[in-house]
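Examination of the molecular architecture
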Amino acid sequence: MLFVGVLWYGFKTGTFSFSLSKKSNQNVQKEEEIKVNRTDYTDVARKTLDWIDKQRNADGWYILERGCDLEKKTCDTVWDNKEGNKDGLIATWARLNFYEQHKEAKDLEIVKKDIDIFYDKYKNDNLKDSLWICKITYEMAQSKYIDQGQKDKLKNLCLNVKYLTPSQIISVFENGVNDGNQNKDPTKKWSDYITTLRGFDNNLSITTELVYQYLFTKDTNKLDLAKNNWLSIYEYFEKDRLSRKPEVRFMRKIKYTDDVCLLGLSGLDLYRQIGDEKVLSEVLSVYKNTVESPGTEGDFLVPLCGLWSKQLFGQTKDKKFLKNLEINNSDLISTLNDKNNNGFYISSQANRFVPNKRVVENSLIVEMIRI
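What you see as residue numbers is a count from 1 along each chain, following the sequence as written. In keeping with the predicted nature of the model, local features appear solely for residues at pLDDT of at least 70, side-chain atom pairs appear and are counted solely at 80 or more, and the whole-chain, interface and lining totals rest on all residues. Each side-chain value is worked out from all heavy atoms of the structure, with water and hydrogens disregarded.

Now for the pairing of strand E4 (residues 74-79). Relative to E4, strand E3 (residues 65-69) runs antiparallel, the two sharing 4 bridges. Note that in E4 the partner of aspartate 69 across the bridge is threonine 74. Two successive antiparallel strands, E3 and E4, enclose a turn made up of 4 residues, where lysine 73 displays a positive phi of approximately 60°. In this analysis, strands are considered paired if DSSP registers two or more bridges between them. Each helix is a run of DSSP H or I of at least 4 residues and each strand a run of E of at least 2, with the numbering of both proceeding from the N terminus.

Given below as structure tokens:
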């Protein structure tokens, strides 16, 4: 049975470092080189991307997951649906980020092919349930390696989306979603898949999405909506956290560790745009009360939490976040990486004991472990 446990193998010496600029007490700016050593997992990321590219259906788009038989050491059961993997563009985003570093021509070819496939498939779809559709389309659209036609496609995908309001989101937290037509096999219908198997609630990323809609449009109303969304959802999170009994680890309405880290990432994206120290304080409070709480460490070693640690280190330069990232990376690779067939077995808390491999989770791992 698979599980994510806390394994600390110590820092391995990496080959990468960068310089940070600091101001002295005399207000004279100095260049002080701070060596930041990170374990180089480029080879693992490369093999994982190669595995991801093979996880496609007859339409050429990504499947949802593969079910595995650990005794037979196979992952031959394909989980997919007619609607397709609406989170699949995450794989394209992770690949483009990897290409920006390593410049392997095959990756750029795959990226361009993926953008066209995704756009043709979903150009008329309201992708409100797709993870970070605005974040990733905006970031990809900034790449000098993507032509203007594809940048326009990426922008259109984001601007077609209409997101839930805070009150609607809270209603989902309180009451769940029931359209009266749940399929017995949740892999066959996207709405069932995302509420049953996916492992995170996309509604916790809406602050991020509104920030990136603002960046695309410069419509300040979008930024106001992002601020309001963060305030409402953060206050709900805190109320729910404080109402639980001490022995209960997780929030009753915000179900999974993936959700908590997605919430934290949203607040960080808002802070980066508006520079409000109160928002950063709230984000750090969520981190302290969840990821750093005694007894929770092993439950938060998942890709979204690793990305949160990575981005918090980039923002604050506090090495405790770097330490947590190194723990996360080392643990996932030593515990859940399929070294024979490549790819990672499931690590998110939702259905974590079902041996399978998710395309999107593998994509997030690539983004987490790349230097």
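Attention shifts here to the nonpolar core. For our purposes a nonpolar core is just a set of buried Ala, Val, Leu, Ile, Met, Phe, Trp, Tyr and Cys residues, chained together by side-chain atoms within 4.5 Å. Under the scheme applied here, a residue whose accessible area is under 20% of the maximum for its type counts as buried, over 50% as exposed, and between as partly exposed, the area being computed with a 1.4 Å probe on protein chains only. Within the largest apolar cluster, 97 residues are counted, with the highest numbers of intra-cluster contacts made by Trp132, Trp308 and Leu364. Not counting residues within four places of it along the chain, the set of residues in contact with tryptophan 132 comprises Ile90, Trp93, Asn202, Ser205, Thr208, Glu209, Leu262, Leu265, Leu304, Leu307 and Leu364. With 6 residues, the next largest nonpolar core counts Leu64, Trp79, Ile194 and Leu197 among its residues. Should any heavy atoms of two residues lie within 4.5 Å, those residues are considered in contact.

Attention now moves to the pairing of E3. Judged by how many residues are buried, E3 sits mostly within the fold: 4 of 5 residues are covered. Where E3 meets strand E5 (residues 356-358), 3 bridges bridge the pair, whose relative direction is antiparallel. Considered in E5, the bridge of glycine 67 is made with asparagine 356.

This brings us to the confidence of the model for the protein. Confidence in the prediction for the protein averages 86 pLDDT; 83% of positions are at 70 or higher. Known as pLDDT, the predictor's per-residue confidence is scaled from 0 to 100. Below pLDDT 50 for its whole length, residues 1-33 participates in 66 contacts with residues either more than four positions away or in separate chains.

The strand order across the open sheet formed by 3 strands is E4-E3-E5, and the pairing between neighbours is antiparallel. With one partner strand each, in any of the chains shown, E4 and E5 form the two edges of the open sheet. Within this sheet the neighbouring strands show an average axis-to-axis angle of 30°, counted without direction. Note on geometry: axes are C-alpha line fits, over the in-contact stretch for helices, and angles between N-to-C directions span 0 to 180 degrees.

Here helix H6 (residues 166-175) has its buried residues at Pro166, Ile169, Val172 and Phe173. The arc that holds the buried residues of H6, viewed along the axis, is 120°, so those residues lie on one side. Exposed and facing more than 90 degrees away from the buried side of H6 are Ser167 and Asn175. Where H6 is buried, its residues contact helix H8 (206-217) and helix H9 (220-243). One or two positions beyond H6, positive phi appears at glycine 176, with a value near 75°. Note that the arc is computed from the directions linking the helix axis to the C-beta atoms.

Time to look at the packing of aromatic side chains. For Phe, Tyr and Trp, where Trp contributes only its six-membered ring, two rings pair if their centres lie within 6.5 Å, and the inter-plane angle classes them as stacked under 30 degrees, edge-to-face over 60, or tilted in between. Scanning the entire structure with this criterion turns up 12 aromatic pairs. Where tryptophan 93 meets tryptophan 132, the ring centres are 6.0 Å apart and the plane angle is 70°; that geometry is what we call edge-to-face. Linking tryptophan 93 in helix H2 (residues 89-102) with tryptophan 132 in the loop between helix H3 (105-122) and helix H4 (133-141), this pair joins segments that are 39 residues apart in sequence. Tryptophan 132 carries the same exposure label as tryptophan 93, and that label is buried. Ring pairing ties together the aromatic residues Trp61, Tyr62, Phe118 and Tyr122, which thus form one cluster. Note on criteria: charge over ring means Lys NZ or Arg CZ within 6 Å of the ring centre, with the direction from the centre no more than 35 degrees off the ring normal. Over the ring of tryptophan 132 we find lysine 135; its NZ or CZ atom is 5.5 Å from the centre of that ring. Note that lysine 218 overlies the ring of tyrosine 214, its terminal NZ or CZ placed 5.4 Å from the centroid.

The subject of this paragraph is the pattern of salt bridges. Each reported salt bridge corresponds to a side-chain nitrogen of Lys or Arg within 4 Å of a carboxyl oxygen of Asp or Glu. Using the criterion set out here, one finds 23 salt bridges in the structure. Where aspartate 125 meets lysine 86, a salt bridge forms, and the shortest distance between an N and an O atom there is 3.1 Å. Of this pair, aspartate 125 sits in the loop between H3 and H4 while lysine 86 sits in the loop between E4 and H2, and the two are 39 residues apart along the sequence. Taking relative accessible area as the criterion, aspartate 125 reaches 21% and is therefore assigned partly exposed. The partner of aspartate 338 in a salt bridge is lysine 357, and the shortest N-O contact between them spans 2.8 Å. With aspartate 338 in the loop between helix H13 (319-336) and E5 and lysine 357 in strand E5, this pair connects stretches of sequence that are 19 residues apart. In this structure, aspartate 338 and lysine 357 share a single accessibility class: buried. Here the salt bridges do not stand alone but share partners, grouping Arg46, Asp50, Arg95, Glu104, Lys106 and Asp107 into one network.

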